[in-house]
Structures are given as C-alpha cells and as structure tokens.
Amino acid sequence: MTNLLGYTFFQHALLASLLSALICAFIGTYIVSRRLVFISGGITHASFGGMGIAYFLGFSPLMGAAVFAILSGFSIQWLSNRTEVREDSAIGIFWSLGMAIGIIFTFLTPGYAPNLMSSLFGSILSVSNDELLWMALLVMAIILFFVSFYRLILATAFDPDYASTHKIPVHFISYTLMILVALAIVLSIRVAGIILVLALLTIPPTTANLLTHRFNQMIGYSFLLGLAGNVVGLLVSYALNIPSGAAIILVHVLIFILVKGFLAIKPKSN
Amino acid sequence: MNNILEIKNLTAGYNGKPILRNVNLTVREGDFIGIIGPNGGGKTTLIKTIAGLLPPVSGEIIFHFGDSKGLGYLPQVNTFDKRFPITTEEVILSGLMGKKGIFGKYTADDKKYVEKLMEKLRAGHLKGKSIGSLSGGQMQRVFLARALVARPALLLLDEPSTYADNQFEAELYELLKELNEEGLTILMVSHDLGIIPAYVKSIACVNGELHYHPSPEITGDVLKIYNCPIELVAHGPVPHRVLSRHEVEHNSQSHD
Ligand SMILES: Nc1ncnc2c1ncn2[C@@H]1O[C@H](COP(=O)(O)OP(=O)(O)OP(=O)(O)O)[C@@H](O)[C@H]1O
Ligand SMILES: [Mg+2]
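All values reported here derive from a predicted model rather than from experimental measurement.

J.: With reference to specific residues and values, describe the overall build of chain A.
T.: Scanning chain A from N- to C-terminus turns up 10 helices and zero strands. In sequence order, chain A lays out its α and β elements as α-α-α-α-α-α-α-α-α-α. Taking 18 Å as the expected radius of gyration for a compact globule of 270 residues, we find that chain A reaches 19 Å, a close match to that expectation. Overall, the C-alpha framework of chain A stretches about 55 × 50 × 30 Å when taken along its three principal axes. Here chain A holds 270 residues, and the buried ones make up 50% of them. Considering only contacts within chain A whose residues lie at least 6 apart along the sequence, 74% involve residues at least 24 apart.

Written as structure tokens, this is what we have:
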C-alpha cells in the first residue's frame, strides 16, 4: 500500500478524492436540502451532449460539458417557470436530449469507445493535471461564495418567497448557485461518471442529515463522510481491481447503511 | 401623525389579471388596521402586493420609511420545505437579512434579541429545534418572531391566529396591541370579527375593492354599507346571521 503513494496517478486520485469531497459537501448539501436531485440528474445527462460535440470537434470535453450543463440548468428552470411545461417533464426532455446528442457525436468521432466508457463510468485514476486545477479553482470559488453569502444562501434556499420581500439579491444568489451546481456536476463526472455522479452529490449529505439538522453542520459532516467514502472506495477498487467509480459509490452507500443502522440500535438519549 | 404608506389607485392581481381594483389607502404611523373580507376577496393579494411579492397591475404603493426600518411580513401560507435543515433561531435571524445588507453578519446582540422575542412569544423552549419538528402553532410563533426581529416600521400580518390555540390567540392580540402602543404600525388580516374590534383601531373591508372604515366597530350595517359579504358571528356558541342570504351565497364559508 505504501509504495502506492509513490505513483503520480495515485497521488492525483487522492487529491481528486479530497477536492471532490469538498465540492460535493457544499453543493450536495444544497442540492439535497432544496430537493434539486432530479434537476441535477437532468443537468448531468444533458452535459453529455456537450462532451460529445467537444470530442467530435476536438476541443476540451470539460468545456463542452460545462456549457451544456449550465444551459440545460437555466433552460429547465425557464421552461417550468415561464411556460406550461411541468418541471419534471422539462428535466426529462433535457436529460434525454443531451444523451441523444452525446451518443450521436461520440459515435461520429473515430475511436469513440474509450471516450464513451470514461464519460459514462468515470475514472478517478486517470485524472489529469488540468482537471485537478479546475477542481481546485471550483473549490475556491464555492468556499468563497458560501463564506461571503452564507446567511443569504440559507435564507433564500429555505424560503425564497420570504427572502424576496427583503432588499437582497435573491436572483443573483440562486443563479450563481445554479452555475456552481452545473460546474460541480461536470467536474465530478471525472470521478464517478455520468451514470453514478448523482450518488456522489446526494449520498454523503443524506447520511450527514441523519446526524444533524443544521445546514452548516451538514456541510461539515458531508465532507468527512465524502472523503472517507472516496478514499476507501479508491483503495477497494485498487485492491480488488474493480471500476473505481462504482466502488466509491458502494462504499458511500455502505456508510449510509452503517450510520442508519447505528442510529436505529443506539438507545435514544433523553 | 406622519403617513407611513400610501396606496394610490392600485389594481392588484396575478399575471396582469386584476383581483382587486381601485384601492386607495393611507396608513399613518401608529395605525392598527384590521383587514376583513370573505374568502377569495383579495386580502392576501393585497398584503402580498404591499410586501413586494406581487408586482402591482397598475397604481402606486409608496412607503415613507427608510430602508433601514423596512417591513415585517407574516404570510398566511408558508411555502417552505419542512424538512429543510434549519433551526428556529436561524429562521428568526433570517428576518434580519434585509437590514444586514449583503455581507453583514449576525451579532451577539441580534442573537440576544432573538432569544428575547422567543420568550415573549412563549417559544423559548423551541430554541435549537429544527423547523420541521414544530407544530403548526409553534411554527407560527417562529414566523411571527421572524417578522418582528428587524424592528420594522410596518408589520403585515396575514391571519396570524390561524394555528393559535385559544390562550395563545388572546396573548397574541395583547402582544400586538402592546407593540402598536410602542409605535409599531400594523396591518392585520383576520377572520376573528368577534375579537379584533377590541384591538384594532380601524377596519378595512376587502372584497374586490377596499373600503376603509375609520373606527373598529364591525356591525351588520358597516358590512352592508361596505359591500362586505361575510357572516358576522358572535364570539360564542350561537352564531347569528346578519347579512341577507343572497350576499352570503358567494362564499362557501361555514361556521359550526
Ligand atoms: N397565485 C394565484 N394565481 C392566480 N389567482 C390567484 C392566485 N392566488 C389567489 N388567486 C385568486 O385571487 C383571488 C383572491 O385571493 P386571496 O388569496 O387574495 O383571497 P383572500 O381574501 O386572502 O382569501 P382567504 O380569506 O381565503 O385567505 C381568489 O379568487 C383566488 O382564486
Ligand atoms: Mg388570504
């Protein structure tokens, strides 16, 4: 195990685990608290369209995915707020539209199979320097935003109607969060893939919510639980030679079950 | 007394479709106005328009107090998510967000004032609890505290006694009267026609239009003159009908 740390790819994977745990702690807590899990699923799958086009045209798939993720997030909100279309229907439309575009363009790109596999299932063991840099930048942006606007984020997320009776920039807060959610999803796809990334954002906060009903503590616990799950999952995947994304998610679920079980058998205090 | 709020030729409604027409009302510092009217008459629409949640279809709403004072608002129906991870104090403190500006932080004084308010509203024991674990009446106290925490110049209350038990209802109105005597201007929607005349200073009846009645008495005549088709129910076990039947038919309100 110790000489494993000597490999650059493993150091990168550990760093990605840490950064992803931080991203998912803040953004995941927000998504879970505001019940944005399904819309996040839509954004995730829509971003595949951007990735496919980027592969085909030969520019950064991360960029393509980010553009599609942000546009789909806003489009879903616009469709459901301003037109007769129900929100879950709008999500369903963008979900499959993105996948359809993605599949067509990856298919048209020579040697598409490896791209497809890593987009769908992720591969934390092949995270590049660039991707780590982007993740670190996103972590800084998220922390800066949450530290500066924590009160407003909490109040706007809890009761947006009431928040808008005050002279505070409700739209600025919620639109910025929408962009951060989209970017968090895109950068976490590397870790768990399109199919599994939602679990990375929802399981640690859900487990944390078993332990606390305070938003800020939920972020803290999510980080610790997320980091533990990511690292243990990484080691398990290496030891058993199984796909890392799936191993990480399984460990997260296992932690959830353990915490839930422990709380169930623990004699209730007071 | 100075004017605190002027409503001029206001038409209010949803998506440009009017519900309330031609509303004119001047609220002076120290007023305590009870807003009555049938279900669907437009009371909540009026309060939301004043609170800034609904853009006016036409007309003007002018406030005569600085941004630092602002208004406190207690909604009739709370749209929040009961499972949201937030504590009662955090909810109450969020009433200060407008006053604090964008980057401001809550101070120890703010937190002390929250505690004082919770005691005053008999909600002291709810400290530290998550909002989802409270009963309807307990939540109502927390939201009332949120409306009061910024020490507003004008308080908008949309049926504050909805979830209150008999004892708290009496306490609530006493407290509002006390706050009013200390200088707080209050606009309160209520269906408690039997009780509010003892507390409010004037009445406005809202039923598609607004009719202002400068004294607190609510009698059958008052309701008739102001086209306010609501049943006047004595505060006791035997309800008696004051208005003619055909006017009452429009609303399916029943008292038993
Ligand atoms: N969001 C909305 N969109 C469209 N119409 C609405 C909306 N909310 C209320 N209305 C309509 O506006 C009218 C007035 O409603 P409002 O809620 O203001 O009544 P109210 O006087 O507060 O009644 P209550 O005593 O039942 O609280 C009703 O006819 C209602 O159908
Ligand atoms: Mg109403």
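J.: I'd like a description of the pattern of salt bridges, backed by residues and values.
T.: All names here are of chain B. Under the definition given, this model contains seven salt bridges over all chains. Two residues, glutamate 171 and arginine 122, come together in a salt bridge whose shortest N-O distance is 2.8 Å. Of the two residues, glutamate 171 is situated in helix 6 (residues 166-181) and arginine 122 in the loop between helix 4 (108-120) and helix 5 (136-148); the sequence distance between them amounts to 49 residues. Exposure remark for glutamate 171: the relative accessible area of 22% places this residue in the partly exposed category.

J.: For the coordination of the magnesium ion (ligand 2), give the residues involved together with the corresponding values.
T.: Around the magnesium ion (ligand 2), the protein supplies Thr44 of chain B (OG1) and Gln76 of chain B (OE1) as donor atoms, at distances of 1.9 to 2.1 Å. Placement of the pair is threonine 44 of chain B in helix 1 (residues 43-51) and glutamine 76 of chain B in the loop between strand 5 (71-74) and helix 2 (88-93), with a sequence separation of 32 residues.

J.: Tell me what's going on with the packing of aromatic side chains, and back it up with residues and numbers.
T.: Enumeration over the complete set of coordinates arrives at 18 aromatic pairs over all chains. Aromatic side chains tyrosine 7 of chain A and phenylalanine 9 of chain A sit 5.5 Å apart centroid to centroid with 35° between the ring planes, which places their arrangement in the tilted category. For tyrosine 7 of chain A, a relative accessible area of 44% puts it in the partly exposed group. A ring pair is formed by phenylalanine 158 of chain A and phenylalanine 80 of chain B, whose centres lie 5.1 Å apart and whose planes are at 45°; its orientation type is tilted. Taken as a pair, phenylalanine 158 of chain A in helix 6 (residues 129-158) and phenylalanine 80 of chain B in the loop between strand 5 and helix 2 lie in two separate chains rather than in one. Summarising the burial analysis for this pair, phenylalanine 158 of chain A and phenylalanine 80 of chain B share the class buried.

J.: Can you lay out the environment of asparagine 180 of chain B for me, pointing to particular residues and giving the numbers?
T.: Residues and elements named next belong to chain B. The residue asparagine 180 is located in helix 6 in this model. Owing to a relative accessible area of 5%, asparagine 180 belongs among the buried residues under this scheme. For the pair asparagine 180 and glutamate 29, spaced 151 residues apart in sequence, the C-alpha to C-alpha distance is 9.6 Å. Filtering out sequence-adjacent residues up to four positions away, asparagine 180 remains in contact with Gly30, Asp31, Phe32, Thr185, Ile186 and Lys201.

J.: I'd like a description of unusual backbone geometry, backed by residues and values.
T.: Peptide bonds are trans in most cases, and residues, glycine excluded, mostly fall at negative phi. Here the phi dihedral of arginine 35 of chain A falls at roughly 60°; this positive angle occurs in a residue that is not glycine. The residue arginine 35 of chain A is located in the loop between helix 1 (8-33) and helix 2 (37-57) in this model. Unusually for a residue other than glycine, glutamate 159 of chain B sits at a positive phi of about 50°. We classify glutamate 159 of chain B as buried; its relative accessible area is 14%.

J.: Break down the interface of chain B and chain A for me, with residues and values.
T.: The partner chain A presents 28 residues to the 33 residues of chain B that form the contact. Each partner contributes to the roughly 2,700 Å² buried at the junction of chain B and chain A, and carbon and sulfur atoms together form 60% of this total. Looking at the side of chain B facing chain A, the largest losses of area belong to Phe84, Pro85 and Met97 of chain B, adding up to 26% of the total buried there. At the boundary of chain B with chain A, the tally comes to two salt bridges. A salt bridge links aspartate 159 of chain A to arginine 146 of chain B, with the nearest nitrogen and oxygen atoms 3.2 Å apart. Summed over the shared surface of chain B and chain A, the result is seven residue pairs in polar contact (both at pLDDT 80 or more). For the side of chain B that touches chain A, the secondary structure elements donating two or more residues are helix 2, helix 3 (97-100) and helix 5 of chain B.

J.: Hey, could you go over the sheet that holds strand 9 (residues 210-213) of chain B for me, with residue numbers and the actual values?
T.: Residue and element names in this part refer to chain B. The strand order across the open sheet built from six strands is 5-6-7-3-8-9, with neighbouring strands paired in mixed fashion. At either margin of the open sheet sits one strand with a lone partner, and together these are strand 5 and strand 9. Within this sheet the neighbouring strands show an average axis-to-axis angle of 15°, counted without direction. Bridge count for strand 6 (residues 154-158) against strand 7 (residues 185-189) is five bridges, and the pairing is parallel. The partner of leucine 155 across the bridge, within strand 7, is isoleucine 186. Taken strand by strand, helix 1 contacts strand 3 (32-36), strand 5, strand 6, strand 7, strand 8 (202-206) and strand 9, and its axis lies near 145° from that of strand 5. Helix 5 contacts strand 5 and strand 6 of the sheet and is inclined by roughly 165° relative to strand 5.

J.: Describe the nonpolar core, with residues and values.
T.: Ranked by internal contacts, the top residues of the largest apolar core, which has 149 residues, are Phe146 of chain A together with Leu46, Ile131 and Leu176 of chain B. With 20 residues, the top contributor of residues to this core is helix 8 (residues 170-211) of chain A. If we ignore the near neighbours within four places in the chain, the residues touching phenylalanine 146 of chain A are Phe26, Ile27, Ile153, Leu177, Phe215 and Ile219 of chain A. Grouped together as the second largest cluster of nonpolar side chains are seven residues, Ala208, Met218, Val251 and Val259 of chain A included.

J.: Any chance you could break down a negative patch on the surface for me, citing the residues and the numbers?
T.: A grouping of Glu174, Glu178, Glu181 and Glu182 of chain B is seen on the molecular surface, where their side chains present a negatively charged patch. If you trace the backbone, glutamate 174 of chain B turns up in helix 6.

J.: Lay out the sheet that holds strand 4 (residues 58-63) of chain B in plain terms, naming residues and giving numbers.
T.: All names here are of chain B. One open sheet holds the three strands; their spatial order is 2-1-4, and the pairing between them is antiparallel. One side of each edge strand has no neighbouring strand; the edge strands of this open sheet are strand 2 (17-28) and strand 4. Neighbour-to-neighbour, the strand axes of the sheet open up by a mean angle of 15°, direction not taken into account. The pairing of strand 1 (residues 3-14) with strand 2 spans eight bridges and is classified as antiparallel. Note that in strand 2 the partner of glutamate 6 across the bridge is threonine 26. On the sheet, helix 1 packs against strand 1, strand 2 and strand 4 and is oriented at approximately 120° with respect to strand 1.

The rules behind these values
- Residue numbering note: each chain is counted from 1, following its sequence as written.
- Chain A is the first chain written and ligand 1 is the first ligand written, with later ones labelled in order.
- Local features in this predicted model are restricted to residues of pLDDT 70 or higher, and side-chain atom pairs are both shown and tallied only at a pLDDT of 80 or more, whereas totals for entire chains, interfaces and linings draw on every residue.
- Side-chain figures throughout are based on the complete set of non-hydrogen atoms in the structure, without hydrogens or water.
- What counts as a helix is a DSSP run of H or I of at least four residues, what counts as a strand is a run of E of at least two, and both are numbered from the N terminus.
- Our radius of gyration looks at C-alpha atoms and nothing else; its globule reference is 2.2 Å times the residue count to the power 0.38.
- Relative accessibility under 20% of the residue-type maximum defines a buried residue, over 50% an exposed one, and the middle range a partly exposed one, all with a 1.4 Å probe and only protein chains included.
- In what follows, a contact means two residues having at least one pair of non-hydrogen atoms within 4.5 Å.
- Salt bridge, as used here: a side-chain nitrogen of Lys or Arg that lies within 4 Å of a carboxyl oxygen of Asp or Glu.
- Only nitrogen, oxygen and sulfur atoms qualify as donors, provided they sit within 2.8 Å of the metal or within 3.2 Å for Na, K and Ca; with water excluded from the atoms, sites may seem incomplete.
- Each aromatic pair joins two rings of Phe, Tyr and Trp (for Trp, the six-membered one) with centres within 6.5 Å, and gets the label stacked for planes under 30 degrees apart, edge-to-face for over 60, and tilted for any other angle.
- Note on terms: buried area is the combined drop in 1.4 Å-probe accessible area of two parts once they are placed together, counting the loss on both.
- We call two N or O atoms a polar contact when they sit within 3.5 Å, provided that within protein one can donate a hydrogen and the other can accept it, with sequence-adjacent residues counted only if both atoms are side-chain atoms.
- Two strands qualify as a pair provided that DSSP identifies no fewer than 2 bridges between them.
- Here the axes come from fitting lines to C-alpha atoms, over the contacting stretch only for helices, and the angles between their N-to-C directions go from 0 to 180 degrees.
- The term nonpolar core refers to a set of buried residues drawn from Ala, Val, Leu, Ile, Met, Phe, Trp, Tyr and Cys, joined through side-chain atoms within 4.5 Å.
- The residues that make up patches have over 30% relative accessible area and no salt bridge, and they are joined within 9 Å when like-charged or within 5 Å when they are Val, Leu, Ile, Met, Phe, Trp or Tyr.
- We get accessible surface area from the Shrake-Rupley algorithm with a probe of 1.4 Å; when it comes to residues, only the shown protein chains can shield them.
- Here the positive residues are Lys and Arg and the negative ones are Asp and Glu; neither His nor the chain ends is included.
- To locate a charge, the coordinates of NZ of Lys, CZ of Arg, CG of Asp or CD of Glu are taken.

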